[in-house]
Amino acid sequence: MTVTNIAHALGLHMHQPPGNLRLLIEVSPWEAEQIIRCYERVVRYAEHFRDVAVLHVGFSGVLLEQLLDPEVVARYRAIVDIPAMLERYRRAPNIELVGTGYSHPIFPLIARADWSEQLTRGRALVERAFGRAPRGFWPPELAFTMEMTPALVKAGYDYVVVDGGHVRPADGMSDVLRPYLACHDGACIRVVPRDRALSGAQQSGLEPDGFEREVCVRAARSPRPREPRLLTTWCDGENGAWLRQTQEQAGFFGHFFAPQMTRWRAGESMIRPVSLGRYLDAFHPRVHARVQTGCWNTDADVGAALSRWTGSRAQRAAVTELVRLSERYWSLLREYREDDDDGHLTRARQLILEAETSCYLYWGESWLPYLHQRLEAAASALAEFAGESGSAPPPICCAVDLTSADAEA
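Residues numbered from 1 in each chain as written. Predicted model: local features only at pLDDT ≥ 70, side-chain atom pairs only at ≥ 80, totals over all residues. Heavy atoms only, no water.

### Topic: the overall build of the protein
- What the protein contains, in helices and strands, is 17 helices and eleven strands.
- At 22 Å, the protein has a C-alpha radius of gyration in line with the 22 Å of a compact globule built from 409 residues.
- With respect to the principal axes defined by its C-alpha atoms, the protein has extents near 70 × 50 × 35 Å.
- Split into buried and exposed, the 409 residues of the protein put 56% on the buried side.
- Across the protein, the fraction of contacts at a sequence separation of at least 24, relative to all contacts at a separation of at least 6, is 79%.
- Here the protein displays about 16,600 Å² of accessible surface, and carbon together with sulfur accounts for 50% of that area.
- Charged side chains in the protein number 45 positive and 52 negative. The centres of these two groups are separated by 6 Å. (Helix = DSSP H or I, 4+ residues; strand = E, 2+ residues; numbered from the N terminus. Rg over C-alpha atoms; globule rule 2.2 N^0.38 Å. Buried < 20%, exposed > 50% of the residue type's maximum accessible area, 1.4 Å probe, protein only. Contact = heavy atoms within 4.5 Å. Areas by Shrake-Rupley, 256 points an atom, 1.4 Å probe, with all protein chains shown as cover. Lys, Arg positive; Asp, Glu negative; His and termini not counted. Charge placed at Lys NZ, Arg CZ, Asp CG, Glu CD.)

Below is the structure:
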């Protein structure tokens, strides 16, 4: 069977942990150049294929803060004019911006009371940088739980991308080539399953012929080959040699994206690029589904463990302390309700949100000092606010080199 109604939503996710662009330009300038060129390359190719291409791009809030930082702008000016690049994103009608958490947190692991601010801050920074609000949401590390649904809807999102392996349709027919409707506590959001295998290929290496064949075979063998098929592939936009390749003909955009868009422009491809927002408006999902708690790298039966971020005792202890400190912040805020004249609460809040960055847990225990530095400073600020001098926790005993060039997560 030949399937001709195949839509393709292609997404790229961009994130750098707090302060990383400054760090890299100092300790690893070549890596810094590779990364900053990734951001410019996306909008340049979108402009070149404005008539046919559609790209979904998400920036974490802490990355946008860095791209808006005058010092970062000045340090990278010889490589990329960052303000001009952001303006080009603003003007690109074929780039659909998506939101993510402000500091790129693992939402199922952080205090639920922090969800709202992580969502609203991240969304506000997208609007500030690009002049338009995102409709779709990319959960950091694709870590999603159904309990997030009301918070996402309240924040203004109407669709969310999730790992396809964790979607459980109500009709019992697993099909990653269609969107669904997920409801929880009276709130409903449209769910777009991401194809894990083809997203992995997008991250590491694709060629148009093989991509066309594989997608057509998958669509023909899918449960509903005669219905519209929606393939969603998504990967990090600045990680790995394939995406960072400065010799563009040997990388993602030169070797795959440009030839694939040229095929579609010439009428030689059955796979059409689509905007998820417009596609979902045209094909309203009606089949309900439940999404099991999980992320991009866990199987459905063990997804809730999120073991990449909680696998060691030290990681679990850090998560526990992070939640405890957040609860302490909210408790003080409710108890005192007074002006934060000295800025202690404000400082503690910022440090807690930054400590929730997934990167600090992702690299096992090697990056935990980044998290603990923020936790200790936040605890001290909260103690000063409450008049509890000397009540900050003891310093963390472990020590690692925090200036390693292996600093991009």
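Continuing now.
### Side note on the nonpolar core
- Counting 61 residues, the largest nonpolar core has Tyr39, Phe59, Leu67, Ile82, Tyr89 and Phe257 as the members making the most contacts within it.
- Tallying contributions element by element places helix H2 (residues 29-48) first for this core, with eight residues.
- The contacts of Tyr89, once residues within four sequence positions are left out, are Tyr39, Val42, Val43, Val57, Phe59, Ile95, Phe130 and Arg132.
- Core analysis: the next-biggest nonpolar cluster, separate from the first, contains 33 residues, Leu23, Cys295, Cys359 and Ala378 among them. (Core = buried A, V, L, I, M, F, W, Y, C linked by side-chain atoms within 4.5 Å.)

### Considering unusual backbone geometry
- Unlike most non-glycine residues, Glu141 shows phi in positive territory, near 60 degrees.
- If you trace the backbone, Glu141 turns up in the loop between strand S4 (136-137) and helix H7 (149-155).
- Assessed through its relative accessible area of 14%, Glu141 is described here as buried.
- One non-glycine residue with positive phi stands out, namely Asp185, at about 50 degrees.

### Focus on the pairing of strand S5 (residues 159-163)
- Burial analysis of S5 places five of its five residues in the buried class, which makes it a mostly covered element.
- With two bridges connecting them, S4 and S5 associate as parallel partners. By the bridge assignment, Gly136 is partnered in S5 with Tyr159.
- Each parallel crossover has a hand, and for S4 linked through H7 to S5 it is right-handed. (Pairing = 2+ DSSP bridges. Right-handed = clockwise from strand over helix to strand, strands pointing away.)

### Overview of the environment of Pro225
- With respect to the secondary-structure elements, Pro225 resides in the loop between helix H9 (208-221) and strand S9 (229-236).
- In this structure the C-alpha to C-alpha distance between Pro225 and Ser380, which are 155 residues apart in sequence, comes to 59 Å.

### Considerations on the packing of helix H1 (residues 20-27) against H2
- Where H1 meets H2, the axes come as close as 5 Å, and the angle between the chain directions of the two elements is 135 degrees. Compared by their axis directions, H1 and H2 come out oblique. Together, Leu21, Leu24, Ile25, Glu26 and Val27 of H1 and Pro29, Glu31, Ala32 and Ile35 of H2 make up the contact between the two elements.
- Class assignment of the residues belonging to the contact of H1 with H2 gives a composition of seven nonpolar, no polar and two charged. (Axes fitted to C-alpha atoms, helices over the stretch in contact; angles between N-to-C directions. Parallel < 35°, antiparallel > 145°, perpendicular 65-115°, else oblique. Nonpolar A, V, L, I, M, F, W, Y, C, P; charged D, E, K, R; others polar.)

### Focus: the state of the cysteines
- Scanning the model with the defined rule gives one disulfide in all.
- Between the sulfur atoms of Cys183 and its disulfide partner Cys188 the distance amounts to 2.0 Å. Measuring handedness by torsion sign, the sulfur bridge of Cys183 and Cys188 sits at about 110 degrees and is right-handed.
- Relative accessible area serves as the criterion here: at 28%, Cys183 is assigned to the partly exposed category. (Disulfide = S-S within 2.5 Å.)

### Digging into the side chain of Gln16
- Secondary-structure assignment places Gln16 in the loop between strand S1 (6-14) and H1.
- The class of Gln16 is buried, set by a relative accessible area of 0%.
- For Gln16, the side chain forms a polar contact with the side chain of Asn20, separated by 2.9 Å. (Polar contact = N/O pair within 3.5 Å; in protein donor to acceptor, adjacent residues only side chain to side chain.)

### With respect to the environment of Met146
- On the secondary structure map, Met146 appears in the loop between S4 and H7.
- Separated by 145 residues in the primary sequence, Met146 and Val291 have C-alpha atoms spaced 6.2 Å apart.
- Here Met146 is in contact with Ala182, Cys183, His184, Ala289, Arg290 and Val291, once residues within four sequence places are set aside.

### Topic: the pattern of salt bridges
- Per the counting criterion, the structure on display carries 32 salt bridges.
- Across the pair Asp69 and Arg22 runs a salt bridge whose closest N-O atoms are separated by 2.5 Å. Placement of Asp69 in the loop between helix H3 (61-67) and helix H4 (70-76) and of Arg22 in helix H1 is noted, with a sequence separation of 47 residues between them.
- By relative accessible area, Arg22 is classed as partly exposed at 32%.
- Measuring nitrogen to oxygen at the nearest pair gives 3.1 Å for the salt bridge that ties Asp163 to Arg196. Linking Asp163 in strand S5 with Arg196 in helix H8 (residues 196-204), this pair joins segments that are 33 residues apart in sequence.
- We classify Arg196 as partly exposed; its relative accessible area is 30%.
- Taken together, the shared-partner salt bridges in this structure form one network comprising Glu40, Arg41, Arg44, Glu47, Arg88 and Glu248. (Salt bridge = Lys/Arg side-chain N within 4 Å of Asp/Glu carboxyl O.)

### A closer look at H9
- End to end, H9 covers 20 Å across 14 residues, agreeing with the expected 20 Å (1.5 Å per residue, within 8%).
- Burial in H9 covers these residues: Pro208, Phe211, Glu212, Val215, Cys216 and Ala219. For H9, the angular spread of buried residues about the axis comes to 120 degrees, placing them on one side. Exposed and facing more than 90 degrees away from the buried side of H9 are Arg213 and Arg221.
- In this structure, the buried residues of H9 make contact with S1, H8, S9, helix H11 (252-265) and strand S10 (271-273).
- Capping of H9 at its N-terminal end is provided by Glu207; its side-chain oxygen lies 3.0 Å from the backbone amide nitrogen of Asp209. (Expected span 1.5 Å × (residues − 1). Arc of directions from axis to C-beta.)

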